[in-house]
Every structure is written in C-alpha cells, then in structure tokens.
Number of protein chains: 2
Amino acid sequence: MHPARPRFPRVVKAIALAASLCWLGGAYAQAPADPLPSWNDGAVKKSITDFVPRVTTEGSADFVPPDQRIATFDNDGTLWAEQPMYFQIIFAIDRVKALAAKNPAWKKKQPFKAALTDDRKALAALGEPGFLQIMAATHTGLTTEEFAGIAADWLATARHPRFNRPYTDLVYQPMLELLAYMRANGFKTFIVSGGGIEFMRPWTEKTYGIPPEQVVGSSAVTRYQMRARDRPVLLRERKVEFVDDKDGKPEGINRFIGRRPVFAFGNSDGDKEMLEWTAAGSGARFMGLVHHTDAVREWAYDRNSPVGRLDKAWDEAVRRGWTVVDMKRDWKKVFPFDP
Amino acid sequence: MHPARPRFPRVVKAIALAASLCWLGGAYAQAPADPLPSWNDGAVKKSITDFVPRVTTEGSADFVPPDQRIATFDNDGTLWAEQPMYFQIIFAIDRVKALAAKNPAWKKKQPFKAALTDDRKALAALGEPGFLQIMAATHTGLTTEEFAGIAADWLATARHPRFNRPYTDLVYQPMLELLAYMRANGFKTFIVSGGGIEFMRPWTEKTYGIPPEQVVGSSAVTRYQMRARDRPVLLRERKVEFVDDKDGKPEGINRFIGRRPVFAFGNSDGDKEMLEWTAAGSGARFMGLVHHTDAVREWAYDRNSPVGRLDKAWDEAVRRGWTVVDMKRDWKKVFPFDP
C-alpha cells in the first residue's frame, strides 16, 4: 500500500525549493530600491529619507496618521524653473502679442508696447503697476473655461527660450521623485504657489500627479453669470481675490487645506511663512528649500535675484537647521531630459 | 509503476470540491447588498442607483474617469438638520452666553441682550445686522486653533433642544449611506456649505468621512501674525472673506475644487446655483434636492421657511427633472438613532 511513498519526499522537496525561490524572489523584489535616484547621497538626501520613515512607521514616537500626512510644495523655482521670468509672465506677454491685432492702440501704449517689443528693460522699469495691467488685460474678462483652454494651448505650443522645449519639460526630476516618494508613503501632495491657481490646474495632474483640488494659488474674483437659459459661466473679473505668497501661504493653506503641513518645500522668501507655519506644528516636521546654485544645468541665483529671491528664508533655514538643497551638489539630474 | 494513481483522482476531486466551495462562498459574499438600506424603493432611490453604475462602468457611454468623479453636498438641511435655527447660530448664541461675564455691557445692549435672554422674536427683528454683530463678537478676534477648539468643545457638550442629543447626532442616515456609496464608487465627496468652513472642519471627518481639505464653506479673513519668536498664529479678523452660498457655491467649487461636480445634492434655494453649475457640465450629471416633508420624524418646511427656504430651486428641479427627495416618503429612517 506504500509503493508511491518514495515519490512524496521528492514532491515536498520540489515544493520547498519552489517556496524558497518564491521567498528569495520576494525578498529580492522587496530589497529597498532607491526612491530618490536623482538625489546624490549626502546630508540633504538623508534628511528626507530619515524623516519619512520616522513619521510613517507605526509605533515610532513621531508617527503621523495617514490622514494628517499633508505635504505642500511651492511651484515656481521648487517644482519647475522660473527663469528668465516666471513662466506665467511669459504667458501673459505672449497673450499681449496674440491679442495685439484686436487692440491696435497697444502698439503705442505702455506697458503693452514694451511687451510687444520684448523690451524687458522697459517692462522692469514699469514695475508692478505695469505687470498688473498686463495681467488684467490677459487674464480677466473671460470665462474660467476659456482661460483654462488658452493656458493649456499655450503650454502645448510655447517653447522656453533657452531650452527650446515646452515649459512643462522644465520640471525638476528630483522633485518629481520626491512627490512620488511622499505619495507612496501616504502623503497627500499639494501645490501652494504664488502663481495663478487657474494657470496651474490644467496641467498639474499630468505633470506632477497633483489633481486640481490639491492646487492652492493666487486667484481673481470670479462672478457667476447666466449667459443663456441654463448656461451659466464663471467670469474672471479684474479684481484680485487672493495673493498666495508670503503671509498668504499659511492663510491659503488654512483656507484650502484646513490642516497644517507636516512637510513643506519652497525655494524663496515667498515661502518663508509657509515653512514657519509648518515648523510651528507639534511633532516632527520637515522644512526644505531649493537653492539654485547650478548655472550650467539650470541657473544660479539667490539674495539679489529679482525672481525667486532667497535671502531671509535662507538665513532662517540656516538658523533653524532646515534642509537646504544645493542644486549643483545634491541633484544628479536637474531636468528629466538631462543626460 | 502506477499503483498510486487511483489516489490522485480523489485528491483532484477534493481540490475541485474545495475550489467550488470557495467560488460559491465568493459568489455569496459578492451578492449585491443594498448600498442604500435606509432609502425606500421608488423613483428617487432608483435615480441614484441607476446613475452611479452608468457613470462608473467602463465602456458605458456616460463613463466618468475616477479622477473626475466629484460629488458635492450642501451641509445644513442636506447632511444634518437645520431647525429650529442653523446650528452654527445656536453655537454663536451659546458663545454670547459663555462670554457674557467678560462683557457686562451686553446685558443691556442689542443684539446681545436678545441672545442672552433667548428672545428669538427680538433676534429675528434685529435681522442680518444683528446676526453679523453676534458672529463678529463670537467668531473673530481669536486664532484659528482657539476657534477650532471652542467649536469642537461645543459640539461635544451642547444638546439639541428637541432631541436632547449632540448636534452631530442629527445627521441623516440615508445621506451617510449615500456618501459611503459614492465613495465606494470612486467619487471624492465634498461639502459645499454656506456654513463656516472652520466651524465644520473639526468634525466632518469623524461624522461624514469627509476630511478638512474636502470642506468648502464661508470664511472670515485670517491674518498671519508672529506672536513670539517662531510662534506664528492665524488670527480670525472681523472681515468676511467669502460667503459660500447661492452664486458663491459655484464660485467656491471653482476656487477650491477646480473641477465641476458630476453629482450634487442640496436642499434649499441657496443650492440652486450649485445644481445649475453641475447640470451645465457635459456628459451625465446628477442633481438632487432634499425636501423636508416629515414633521413627525424631522420637520416639514419649504417655500415659506426663513431657514432653508426651498422655492425657486424646487421649481427649477421640477422643470428640469432633477431628483427631489420627499423625506417622509423616501427615507425609511431619518436619523441614525431612529428605530
């Protein structure tokens, strides 16, 4: 009755071997792949890869429950480039050009004349009042849907003057990895930017994996208007509703998100208050700044730059031991298209 | 060499039997349980249970990708009760009483005198200016954190005058089921309410499963202030920032969510514009209203009610074939504590 017995141990061995292979395969698959391959090893990368497990490991003294894992990121200069000007200003100038035929008087009238002739010196001299006039002429008086379409079209066709690529190519590869790493660890990632909320929303989901409802930005007042029976629109008015910069960042975070971030990243003095607000929460917090130090691959600027000035926030970061990324030293790659 | 063979079919049979049992067990577990057990069968329930699979079944002409599944719900009168007054007004009156010792002049000064003596007639006669004075005195001049603590404390201790229960018990069981049903089908559920955003956020997650960042509401201006070195606060100022009612609802949806809802539920004329905005999107849309028809289990009110008036929105719903819930007819249970 037992002639078959000798076969069973062989089967058992085979199963054991298969199981071992499965286990080894599993162990191999679970070997920690570097979640931030474009970050050079060093104190900056370590500050991130130490922090995240510290707040996400159950039983850790610094554990943060998943629903409280809020990470906020500035956009211009933190997730994508901002030179030679904020990209939204380049968009506005391009809009002036596109609308010039319908506005012949602009040829002789500042600030439009300067925009039409790419006279950057004159534009700079016209300062904020000039800038606001250009913004009003190009960003208001149309519906939210019309504006979203125009912004999306521009991003699909416009090319950056230095790199001759779509502006959405000029995102930072290390920050894309960081966004994905935070989300893989249960964080909800938000943009908190001084840029226009409706300029960003048409493309942040595709580019960053951040959906419109997780984008906080500056805005114009909109007005609900019934254009025809059952056809309402939201009209963008000339009135500024909210400036999501400096003090506005914690105010915007409170208004839109309603929770204090555990993790925040910026690059300029406009982000100082967001980092302070993040730091003032109880429990472990992470505050980071991108310092633009790489004139070869990107740009080098800080205390004296008119765009993305990093001065007071830098001093505060040093005093308080926040993470300061040295782009040249800490990033293997800047843009996804870098070799 | 084949003496063991006869044993194998038995093993195979055993495995087949086990597999069948597993399959049957699985099939049994997957038998469609009613996701809306507190809704009576009828056209209203059917309008919901027809719509949801229509927009969530891949290949359906009306399929909506998961990232676009936005569902918005009014709060007062839609998710929880709003009689005899909006609960936030009862909170404000209770705050006047709590602060009376520190403000002795209030005893002789309207509208505080009326609040302190529960003189509802006088309060009604003082109208909106009186109401705004009470709101300013009780809702501003303190930090966002102080306010959240006070609101949470009040909800933990205050009792509704008719039901002698915490106000958060007066949520509608059928709507809790609807929120869960929408989320189970990939919808992100948002509150879009005229109520104060910071009055709602401390409790919506626990009560409705809606996190703070998915609550849109009315707000006061906040101001970032450094109270001590590295100790910033957000101070609630006396200035109204945003009224999330009527026209404000689509404006708030656009500002906070940045996408048009596919599904929206309200109960009063304050929700008309939200439903119109939802209806004006392309593709399948669902618009619903709760009509308060049950004076026994809840309250009955509509066209002539000073709280939660349902008049123009009702006419529009009838004209356009939107879903109108008759609370008495369509809901088996109103509150979770109902038998």
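Residues numbered from 1 in each chain as written. Chains lettered and ligands numbered in written order. Predicted model: local features only at pLDDT ≥ 70, side-chain atom pairs only at ≥ 80, totals over all residues. Heavy atoms only, no water.

A.B. asks: An account of the interface of chain B and chain A is needed here, citing residue identities and associated values.
C.D. replies: With 44 residues of chain B at the interface, the matching set in chain A holds 44 residues. Buried surface at the junction of chain B and chain A, both sides included, amounts to about 3800 Å², of which 46% is carbon and sulfur. Interface area lost by chain B to chain A is led by Glu213(B), Tyr224(B) and Arg255(B), which between them contribute 18%. Inspection of the region where chain B meets chain A yields 14 salt bridges. Close ionic contact of Glu145(B) with Arg260(A) constitutes a salt bridge, the shortest N to O distance being 2.9 Å. Put simply, chain B and chain A have 31 residue pairs in polar contact (both at pLDDT 80 or more) between them. For the side of chain B that touches chain A, the secondary-structure elements that each account for two or more residues are helix H6 (144–157), strand S2 (188–196), helix H8 (197–208), strand S3 (215–228), strand S4 (231–242), helix H9 (248–257), helix H10 (272–279) and helix H11 (312–320) of chain B. Class assignment for the residues of the side of chain B that touches chain A results in 17 nonpolar, 5 polar and 22 charged. (Contact = heavy atoms within 4.5 Å. Buried area = accessible area lost by both parts, 1.4 Å probe. Salt bridge = Lys/Arg side-chain N within 4 Å of Asp/Glu carboxyl O. Polar contact = N/O pair within 3.5 Å; in protein donor to acceptor, adjacent residues only side chain to side chain. Helix = DSSP H or I, 4+ residues; strand = E, 2+ residues; numbered from the N terminus. Nonpolar A, V, L, I, M, F, W, Y, C, P; charged D, E, K, R; others polar.)

A.B. asks: Lay out the environment of Arg227(A) in plain terms, naming residues and giving numbers.
C.D. replies: All names here are of chain A. Examined against the element boundaries, arginine 227 turns out to sit in strand S3 (residues 215–228). Taking C-alpha positions, arginine 227 is 43 Å from glycine 186, a pair spaced 41 residues apart along the chain. If we skip the residues at most four places from it in the chain, arginine 227 touches Thr143, Glu146, Pro232, Val233 and Leu235. Side chain to side chain, arginine 227 and glutamine 225 meet in a polar contact 3.3 Å long.

A.B. asks: Tell me what's going on with the relation of the copies chain B and chain A, and back it up with residues and numbers.
C.D. replies: Once chain B has been moved 0.0 Å along the axis and rotated by 180°, it coincides with chain A to within an RMSD of 0.0 Å. Such values leave the two copies arranged in the relation of a two-fold axis. Both copies present the same face, since 100% of the interface residues in chain B are matched by interface residues at the equivalent positions in chain A. (Least-squares fit on C-alpha atoms with pLDDT ≥ 70 in both.)

A.B. asks: Explain the pattern of salt bridges to me, and be specific about the residues and the numbers.
C.D. replies: Here the structure, examined in full by the defined rule, presents 52 salt bridges over all chains. As a salt-bridge pair, Asp330(A) and Arg329(A) come within 2.8 Å of each other at their nearest N and O atoms. The exposure class of Asp330(A) is buried, given its relative accessible area of 4%. Of the charged contacts in the structure, one is a salt bridge between Asp271(B) and Lys249(B), with a shortest N-O distance of 2.7 Å. Highlighted residues: Asp271(B) in the loop between strand S5 (263–266) and H10 and Lys249(B) in helix H9, separated in sequence by 22 residues. There is no split in this pair, since Asp271(B) and Lys249(B) are both buried. In the salt-bridge network here, residues are joined through shared partners; they are Asp230(A), Lys272(B), Glu273(B), Glu276(B), Glu316(B), Arg319(B) and Arg320(B). (Buried < 20%, exposed > 50% of the residue type's maximum accessible area, 1.4 Å probe, protein only.)

A.B. asks: So what's going on with the side chain of Asp76(B)? Residues and values would help.
C.D. replies: All names here are of chain B. Following the sequence through the fold, aspartate 76 ends up in the loop between strand S1 (70–73) and helix H3 (87–99). Here the side chain of aspartate 76 touches tryptophan 80 through a polar contact of 2.8 Å, side chain to side chain. Sequence-distant contacts of aspartate 76, that is, excluding residues within four places in its chain, are made with Glu82, Tyr86, Ser193, Gly195 and Asn267.

A.B. asks: An account of helix H7 (residues 173–184) of chain B is requested, with residue identities and associated values reported.
C.D. replies: All names here are of chain B. Helix length check: H7 (12 residues) gives 17 Å between terminal C-alpha atoms against 16 Å at 1.5 Å per residue, within 8%. Those residues of H7 that are buried lie in contact with helix H2 (43–56), S1, S2, H8, S5 and strand S6 (286–293). Following H7 by one or two positions, glycine 186 has its phi on the positive side, about 85°. (Expected span 1.5 Å × (residues − 1).)

A.B. asks: Pulling in residues and values, what's your account of the packing of H3(B) against helix H5 (residues 120–139) of chain B?
C.D. replies: All names here are of chain B. With their axes 10 Å apart at the nearest point, H3 and H5 run at an angle of 65° to one another. Classified by the angle their axes make, H3 and H5 are roughly perpendicular. Taken as a pair, H3 and H5 cross one another with a handedness that is left-handed. For the pair formed by H3 and H5, the contact residues are Gln88, Ile89, Phe91, Ala92, Ile93, Arg95, Val96 and Leu99 on the first element and Leu123, Phe131, Ile134, Met135, Ala137, Thr138 and His139 on the second. (Axes fitted to C-alpha atoms, helices over the stretch in contact; angles between N-to-C directions. Parallel < 35°, antiparallel > 145°, perpendicular 65-115°, else oblique. Left-handed = near helix turned anticlockwise from the far one by under 90°.)

A.B. asks: How would you explain the pairing of strand S6 (residues 286–293) of chain A if you had to name every residue and give the values?
C.D. replies: All names here are of chain A. The buried count for S6 comes to 8 of 8 residues, which makes it a mostly enclosed element. Judged by which residues are buried, S6 turns out to be covered on both faces: Phe286, Gly288, Val290 and His292 on one side and Met287, Leu289, His291 and Thr293 on the other are all buried. Bridge analysis of strand S5 (residues 263–266) against S6 gives 4 bridges, and the strand direction is parallel. The residue of S6 that forms the bridge with phenylalanine 265 is glycine 288. In terms of handedness, the path from S5 via helix H10 (residues 272–279) over to S6 forms a crossover that is right-handed. (Pairing = 2+ DSSP bridges. Right-handed = clockwise from strand over helix to strand, strands pointing away.)

A.B. asks: Can you explain the packing of aromatic side chains? Please cite residues and give values.
C.D. replies: This structure, assessed with the given rule, holds 51 aromatic pairs over all chains. Ring geometry for Phe163(A) against Phe335(A): centres 5.2 Å apart, planes inclined by 70°, an arrangement best described as edge-to-face. With Phe163(A) in the loop between helix H6 (144–157) and helix H7 (173–184) and Phe335(A) in the segment after helix H12 (327–330), the pair connects residues that are 172 residues apart, well separated along the chain. The exposure class assigned to Phe163(A) is buried, which follows from its relative accessible area of 18%. Note on Phe335(A): relative accessible area 0%, which makes it buried. Note on Trp154(B) and Phe199(B): the rings are 6.2 Å apart at their centroids and 45° apart in plane angle, and the pair reads as tilted. Of this pair, Trp154(B) sits in helix H6 while Phe199(B) sits in helix H8, placing them 45 residues apart in sequence. (Phe/Tyr/Trp six-rings, centres within 6.5 Å; stacked < 30°, edge-to-face > 60°.)

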